[in-house]
Amino acid sequence: MSSITLPYVPHYIAAPPTKENLEYADLATIDISKASSEEGFAALAIELREALLNFGFFYVVNHGYSQTQTARMFDIADVPFSAVTDGEKQLYASTRKQNGMLQGYTSVQYADVDGRVRDQLEQYCINRDVTKRKHPEALVPLLPEIQEFSKHNYFNVLNPILRLIARSLELPEDTLLNKHVFDAVGETAVRFINYTRTEEEEAKTKNVWLKGHTDFGSITILWSQPVAALQIQTREGKWRWIRHMENALVVNVGDAMDFLTGGYYKGTIHRVVQPVVDQRDYTRLGVFYFAMPNDDIKLVPMVESPVLQRVGIQRRCEDSEAPMMEDWRKARTMAYGQSKLKNGKEDGVEEEVIHGVIIKHYN
């Protein structure tokens, strides 16, 4: 990449690390480069299993992108927000309300949740096939780099993670890969997310930017950034901060993996809150890769797993009623901000039912 002259993009200046003394989650760090040898792969499968059972979140290092390449992607991620007018953004708005498609812009106003805690973000979503729809003019010269970034996330990060999860379940290594084919029909995507908030909005929402939730896909890859705002809920019910690690990835599993593993690997509840005091004047820019199974995968437990046979399977719905991935993602996407949430049995928890499955939202 260094020998090619890349299109000019203004440099995105990230926040300096916080000096606040925060209670951080003690997440495991997975050195994904060790997966290249059988000995390393076997050891990583055990580490990954423990990480998923303990927190459902973990770091990935030595993933193949240099610090310079990662910084370049953050420069690119800022373009949809800083170099595109509001008028042009409207031309590329997502159609999630109409058909559950997230590609394009989802604006702050679009992400209003029943007049209560309003999730304050603006995102631009790009399918792993960047040609699937048109993009704002400022992004067009950058599409080849975004396409390569998408491929890197799939082949160099997601691929080994899925093989490691299969190994941890004593399944053939390609079991989950066959459910996550790179060019299959689906909505696996790169997402750039810009979090913003006014003082008036902070007061209304008690400093919560994105309510506690689980992701609806299978694997989420977050490229670590310095603004401290992401928190996870531990198995003991405590909120803990996620520490920034330079050029590392923060990875977690979502509901689709919960379905496929019969509740063995559950999605962890996480939220985004107002950044700490010494970082509040900086933008929180997120670079994500949201992986989902192929649209034609039925979200039923992999009962052939000897591990799941031993520990027992916790179904979220009967197999006969389990949704296809396409139906699940569309229903979750279309319901976001549209459903009338009901108070759940737990304090501060609201619920909705989608495809017979209870979805919880944590205020």
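Residues numbered from 1 in each chain as written. Predicted model: local features only at pLDDT ≥ 70, side-chain atom pairs only at ≥ 80, totals over all residues. Heavy atoms only, no water.

### What to know about the nonpolar core
As a rule of thumb, soluble globular proteins bury nonpolar side chains together.
Alright, step 1. Ranked by internal contacts, the top residues of the largest apolar core, which has 73 residues, are Ile165, Phe192 and Ile219.
Alright, step 2. Ranked by residue count, the leading element in this core is helix H5 (residues 143–168), at eleven residues.
Alright, step 3. Filtering out sequence-adjacent residues up to four positions away, Ile219 remains in contact with Leu158, Ile161, Leu162, Ile165, Val251, Asn252, Val253, Met257, Tyr289, Phe290 and Ala291.
Alright, step 4. Counting residues in hydrophobic clusters, the runner-up holds 18 residues, among them Leu230, Ile232, Val250 and Val272. (Core = buried A, V, L, I, M, F, W, Y, C linked by side-chain atoms within 4.5 Å. Buried < 20%, exposed > 50% of the residue type's maximum accessible area, 1.4 Å probe, protein only. Helix = DSSP H or I, 4+ residues; strand = E, 2+ residues; numbered from the N terminus. Contact = heavy atoms within 4.5 Å.)

### Overview of the packing of aromatic side chains
Alright, step 1. All chains considered together, the criterion is met by ten aromatic pairs.
Alright, step 2. Measuring from ring centre to ring centre gives 5.2 Å for Phe155 and Phe182, while their planes differ by 40°; the resulting arrangement is tilted. In this pair, Phe155 sits in helix H5 while Phe182 sits in the loop between H5 and strand E5 (189–195), placing the two residues 27 residues apart along the sequence.
Alright, step 3. Overall, Phe155 belongs to the partly exposed group, its relative accessible area being 43%.
Alright, step 4. Put simply, the rings of Tyr65, Phe149 and Trp223 pair up and form one aromatic cluster.
Alright, step 5. The residue whose ring lies beneath Arg271 is Trp239, and the NZ or CZ to ring-centre distance is 3.9 Å.
Alright, step 6. Taking the ring centre of Tyr195 as reference, the NZ or CZ of Arg284 above it sits at 4.6 Å. (Phe/Tyr/Trp six-rings, centres within 6.5 Å; stacked < 30°, edge-to-face > 60°. Lys NZ or Arg CZ within 6 Å of the ring centre and 35° of its normal.)

### Quick notes on the packing of helix H2 (residues 67–82) against H5
Describing two packed helices takes the angle between their axes plus the distance from one axis to the other.
Alright, step 1. Look at H2 against H5: their axes get within 11 Å of each other, and the N-to-C directions meet at 125°. When the interaxial angle is binned, H2 and H5 end up oblique. The element H2 and its partner H5 pack so that their crossing is left-handed. Seen from H2, the contacting residues are Arg72, Met73 and Ile76; seen from H5, they are Glu145, Ile146 and Phe149.
Alright, step 2. For the contact of H2 with H5, the class distribution of residues is four nonpolar, no polar and two charged. (Axes fitted to C-alpha atoms, helices over the stretch in contact; angles between N-to-C directions. Parallel < 35°, antiparallel > 145°, perpendicular 65-115°, else oblique. Left-handed = near helix turned anticlockwise from the far one by under 90°. Nonpolar A, V, L, I, M, F, W, Y, C, P; charged D, E, K, R; others polar.)

### Here we look at the sheet that holds E5
Alright, step 1. Spatially, eight strands are ordered E1-E2-E10-E7-E12-E5-E4-E3 in an open sheet, and the strand pairing comes out mixed. Whereas interior strands pair on both sides, the edge strands pair on one side only; in this sheet they are strand E1 (29–31) and strand E3 (104–106). Sheet twist, expressed as the average angle between the axes of neighbouring strands with direction ignored, equals 25°.
Alright, step 2. Looking at chain direction, E1 and strand E2 (residues 57–61) are connected through three bridges and run parallel. Across the sheet, the residue bridging to Thr29 is Tyr59, located in E2.
Alright, step 3. On top of the sheet, helix H1 (residues 38–54) reaches E1, E2 and strand E10 (249–253); it is set at about 155° to E1, its chief contact. (Pairing = 2+ DSSP bridges.)

### A short note on the pattern of salt bridges
For side chains of opposite charge, pairing can occur when their charged atoms come near one another.
Alright, step 1. Applying the stated criterion to the full structure yields 15 salt bridges.
Alright, step 2. Among the salt bridges present, the one from Arg315 reaches Asp319, with a minimum N-O distance of 2.8 Å.
Alright, step 3. Arg315 gets classed as partly exposed once you look at its relative accessible area, which sits at 39%.
Alright, step 4. Looking at Asp319, the relative accessible area reads 27%, which means it is partly exposed. (Salt bridge = Lys/Arg side-chain N within 4 Å of Asp/Glu carboxyl O.)

### Some points on H2
Alright, step 1. Spanning 16 residues, H2 covers 22 Å between terminal C-alpha atoms, matching the ideal 22 Å at 1.5 Å per step.
Alright, step 2. Listed as buried for H2 are Thr70, Arg72, Met73, Phe74, Asp75, Ile76, Ala77, Asp78, Val79, Pro80 and Phe81. (Expected span 1.5 Å × (residues − 1).)

### Concerning empty space enclosed by the protein
Alright, step 1. All told, the structure shown has four cavities of 30 Å³ or more when counted by the stated rule.
Alright, step 2. Volume-wise, the second largest cavity comes out at about 70 Å³.
Alright, step 3. Around the second largest cavity, the lining is made up of 14 residues, and of these Phe259, Pro301, Arg315, Arg316 and Cys317 lie nearest the centre.
Alright, step 4. Grouping the constituent residues of the lining of the second largest cavity by class yields six nonpolar, three polar and five charged. (1 Å grid on protein atoms, 1.4 Å probe; cavity = no way out; pocket = protein on both sides within 12 Å on 5 of 7 lines; lining within 4 Å. Points joined across faces, edges and corners; volume = space filled by probe spheres on them.)

### Examining H5
An α-helix turns once per 3.6 residues; consequently, residues spaced three or four apart project the same way.
Alright, step 1. If you check H5, its first and last C-alpha atoms are 36 Å apart, about what 26 residues at 1.5 Å a residue would give, namely 38 Å.
Alright, step 2. The axis of H5 is deflected most strongly, by about 40°, at Leu158, and proline Pro160 appears within four residues downstream.
Alright, step 3. Burial analysis of H5 places 19 of its 26 residues in the buried class, which makes it a mostly covered element.
Alright, step 4. Glu170 sits one or two positions beyond H5 and adopts a positive phi of about 60°. (Bend = angle between axes of the 7 residues up to and from the residue.)

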